[in-house]
Structures are given as C-alpha cells and as structure tokens.
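Breakdown of the fold
So the chains spell out like this:
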Amino acid sequence: MIRRVKIIAIETMHEILRERILVLFVAFGLLMICLSLAVGQLSFVESARITMNFGLSGLQIALNLITLFVGGSLIWQELEKRTVLTVLTHSVTRTEFILGKYFGMALVLLILASALSLVLFAVGWLTHFEFLHQLPKVIWGFYIEALVVLAMLFLFSSFARPMLTVTATMGLVFIGHWQSDLAFFSEKSESASFQALAKFISWVVPNLERYNWKSEMIYDEYANLQNVLMASANAFFWICILLTFSTLLFRRRDLI
Amino acid sequence: MTSLEIRELKKSFTVDSVFQSLRLKKEKKEVLRGLSFSVKSGHITGFLGSNGAGKTTTLQCVLGFIHPDAGEVYLHGERVARGGRIKSVGFLPERPYFYEHLTGKEFLQFFSRLSGPGASYNESARVSELLRLVRLEDAGNRLLRHYSKGMLQRIGLAQALIHQPKLIILDEPMAGLDPDSRLEMSRIIKAIAADGAAVFFSSHLLHDAELLCQDLVIIRQGALVYEGPTLELLQGLNSGFRITYGSETHQEVVVAEDKTSLQSKIDTLRSQRKEILDVRLVRPSLEEAFERITKI
C-alpha cells in the first residue's frame, strides 16, 4: 500500500509542479513578500516588524490560495479526464489513490512553503528583524493549516464539483479562523441556541488559529514547543478524520 | 478456465426526465437486467450490443468504477469486493485520456511501478518490449499530448499490458482508427491471446469482431442474447443453400432455405435435365446474424 501511495504522490507532485496556475500563485506570494519591504518603509520605528508581518501574511495567503485552487480541482480533474480509471486497474484501491493525491499535494506545499520562507528569511535578514529564529515555527503553523485545509477540500471533492468544494472549504476556513471570536460572543450571548450552535461548530470545524504563531514571532512572545506539538497533534487528528471520511465517500461513489 | 464471470448483474441509473408541474421528474432507468456470462482464458471474446445496450456499464461494473445494484463479478475465480483491489486486469478505455505531461516511456514506467511484479522485474526491458510491440519505439520520448489518436490507443494498450495481466478488457479499441491502425490493433490483440491471456473487448465494428473473436457475448437492453462460439452462431443462423446450374457460359442461381427444400430443388432441376454446377451453404455475416438475433 505504502509503495503505491508513494508512487502516486510523486507523480502528483510532478504533475502539479508543471501547472501554470501554480506559477501565478507563487509569483503572487513573492510579490507580497517583496512588497513588504516597501510597506515597512511607511514606519520609521517599526519598519522591520511591519515588513515581517506583511511578508508573513503574504506567504500565508499565497499558501492558502494554492491549496484552495490547486487542491480543490485535483480529484475532479482525474474524474473529468478519466485518468483515474486506468490507475485503478493497476491494483490501486480508491483509498490509496486519495492518499497518494493528498501526499503529492502536501509535498508541493512543503516545497513552496520552504522556498517562500527562504525569501522571507532573506527579507528579514536585510531588514535586521530580531526574532528570525521563530520563523520555522510560524511557517510550520502555516503548513499544517494548509494540510488541514487540503483535507477539507478532499472531503468535499469526494462528492462535489470544484466550485462547491472551494466555496464550502473557504467557508470552513473563515469559520476556523473566527472560532475564538465565536466562542467569545457565545459566552456573552444569552441565547441558548446560539451557544449550542457555537459549541457544535467548535466540535466539527478545526480551530485554524491554533496553528497561527505569527503574532508570537512579530512581538517575540513565547510559543513553547509543547504548544507547537499539541497543535501539530491536533492538525494530525483533523487530517485523519477528514481523510477517513473522504475515502469512505469516494469508495462509495460511482466514478462515471 | 474462466477469467471473468458475471452473475445476475443489475444496474439502474436515475436520470432527469421531464418538467412536471415545475418540478424536475426523476426516472429510474434499468441498464443491466440480471446479466450473466463468462470469458474463457486464452480466448478473444467480443462483447457486442447496440448503443445503450449496456456494454460500457457492464465493463465499468467489472472494473469497479461503478457499483452494481445486485449481482456478482468474479475475476480469475475470486469474487470482486465492493471497492476492492482489481488484480491482474489490463484496461484500455474507449477514449484514451492519459497524463499528457508524461512521455510515452514515463507513462509506461509509472504504471509499471504501480503494478510491477517486484524487484526482480526488469522495468526498462518490459517498457522497451511493449513500445516495440505497439510500434512506438521512436515516439517513446515524445509527450503524450503530441500523440495522434491511433498512437494514444496503442500506448494505452501497452499500458494495459505492462503488468502481464491474465485478462485484458478493451472498450471499443478500434473506434476512430484508420484501416492501418485497425489492422495493427488486430495484430496486437491476436498476439496477446496467443500468449494465453483472455481478451474481452466491446465493439461496434462487427466485421473486426467476426475476424478476431472465437467467442461472442451479445446483449440487448441489458440482457444476454447470445453467449458462445462465433462459428456456432453463424452456423446456427445459416441462410440456406445456393444452387448454381446451367452451362459454363450461361449460369443461373436458385436458393433453397433448408435441407428439404434443397433436395426438392435438386430433384426438380434434374428432372428438367439441367446441369448442377455448384451447391453452397450460405452463411450469414456477423452483421446479418447480429441483426437477426437482436431483433428477435
């Protein structure tokens, strides 16, 4: 099983890296990081901090856009072009196929996150940003968030078209980032149904802010390793759950 | 030995039908109605039926692309579980859409790695052997997006053979090919069967099926109409006898529908002192046979 997943993952990675749309999003990420140098000049005192904040946001947006728009059509393309059919006749199960595609995209995200973070590191070094040692932790947070988002996309891809897949996932991403606000408002609210809804959302949607250590880096607050490990375990849990459901749904559906 | 066995296969699809009182009415269309047949190892079996008869749906059920509502599929004697692994089967789809960013060689290597028999297996030798078989040695390093329809069909066939499967399923392998490519495809199919694998292919081209297939499975509206040897079907549906009489310079022909009629016609001609030059059994072509049995 692992051998087949690995072969499909590597092939998927090669396929995605040759896609033109990827160049567009990478260019967008690079532009945002480079633009951060100009934005940083707006302040005399906090120049490095503003540069880094803007650059990190650019990197995070670029990673999420790549995940949404490339990952959202990954399964659909295979079904639309019917390339999946020949793959499945080579002793590959549907579960192996889904996992292979997922890990292939995860590899692409890893390569892009590493490449963009190197550029961001160079920008931080040029602007003499003090807390660059925290950068790997923040990038890791962005990466695991992208992996959770990718798993959400795979869940919707297993039964829906790309448009619905991307829209539904974007909705979950927004809710995932606003979970703390939602919890805050539900505490303040006197409506029992609103409180129940907020509770329900906190159970079924991953809290994506849990993987975000951007502020810690910008203001050099302490994000200890235990926090990072706990958040990683949490992301792993969500990925497993989402991929399990997506493979179950994909196994049940007719592919034509 | 049986390579493929299908028992009581049933499949229905829900189709959008007509608007009734501003609501889209859904209808259930029964595509396969308890279809059962088998395919023997080492034989070339043709799968025939008109458009919409259920050929492609049957193949999709066999390969696990769609799930049948009822019935069972056995591959090499083993029951295929829902969502299970399809082993030792090669498949060439009707429209060969493949990974266009790969070269012919990379494409075969990818599938070889997916289902290659193991470490002792010489991948590059197998890839070269297949490229030779499908006569694409010179195009091996070209991207698939630059292949013609015939070339895609042949590289698709090589893909179906890469893991030396015991059963090869071809969905309309001759469709859209020029005469040269069809001959080439026929040559390759014969070579595969000669190696002992079972070839099961659906086709609209009855002439090709007649020339290639030892056995036939014919379906109509999702139900079996004929299963058995091609020769038996053609002999069983003979069109009678043709009697040629007269002289070397002036020949006339009379047709007898069966043996009794043949004897009486010969007796009549003899009594009229006509010289009988030739008596032949007239066999229908597969096209005629197909038309007759699917219209019963």
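Residues numbered from 1 in each chain as written. Chains lettered and ligands numbered in written order. Predicted model: local features only at pLDDT ≥ 70, side-chain atom pairs only at ≥ 80, totals over all residues. Heavy atoms only, no water.

Turning our eyes to something else, we now look at the packing of aromatic side chains. To describe a pair of aromatic rings, you give the distance between the ring centres and the angle between the ring planes. Counted by the stated rule, this structure contains 17 aromatic pairs over all chains. Among the aromatic residues, ring-to-ring pairing joins B:Phe98, B:Tyr99, B:Phe107, B:Phe110 and B:Phe111 into one connected group. (Phe/Tyr/Trp six-rings, centres within 6.5 Å; stacked < 30°, edge-to-face > 60°.)

Let's shift gears to the interface of chain B and chain A. Taken residue by residue, the interface counts 31 residues in chain B and 28 residues in chain A. When the two sides are added together, the surface that chain B and chain A hide from each other amounts to roughly 2,800 Å², 55% of it contributed by carbon and sulfur. Together, B:Phe65, B:Arg85 and B:Leu114 form the three largest contributors to the area buried by chain B at its contact with chain A, with a combined 26%. The interface formed by chain B and chain A includes two salt bridges. By residue number, the principal contributor to the side of chain B that touches chain A is helix H2 (residues 104-115) of chain B, which donates five residues. (Contact = heavy atoms within 4.5 Å. Buried area = accessible area lost by both parts, 1.4 Å probe. Salt bridge = Lys/Arg side-chain N within 4 Å of Asp/Glu carboxyl O. Helix = DSSP H or I, 4+ residues; strand = E, 2+ residues; numbered from the N terminus.)

Glancing now at the sheet that holds strand E9 (residues 215-220) of chain B. Residue and element names in this part refer to chain B. Across the sheet, six strands lie side by side as E6-E7-E8-E3-E9-E10; this open sheet has mixed pairing. Two strands bound the open sheet, and with one partner strand each, they are strand E6 (89-92) and strand E10 (223-229). If you compare each strand with its neighbour and ignore which way they point, the axes differ by 15° on average. Where strand E3 (residues 44-48) lies against strand E8 (residues 198-203), five bridges are found, and the strand directions are parallel. Of the residues in E8, the one forming a bridge with Thr45 is Phe200. (Pairing = 2+ DSSP bridges. Axes fitted to C-alpha atoms, helices over the stretch in contact; angles between N-to-C directions.)

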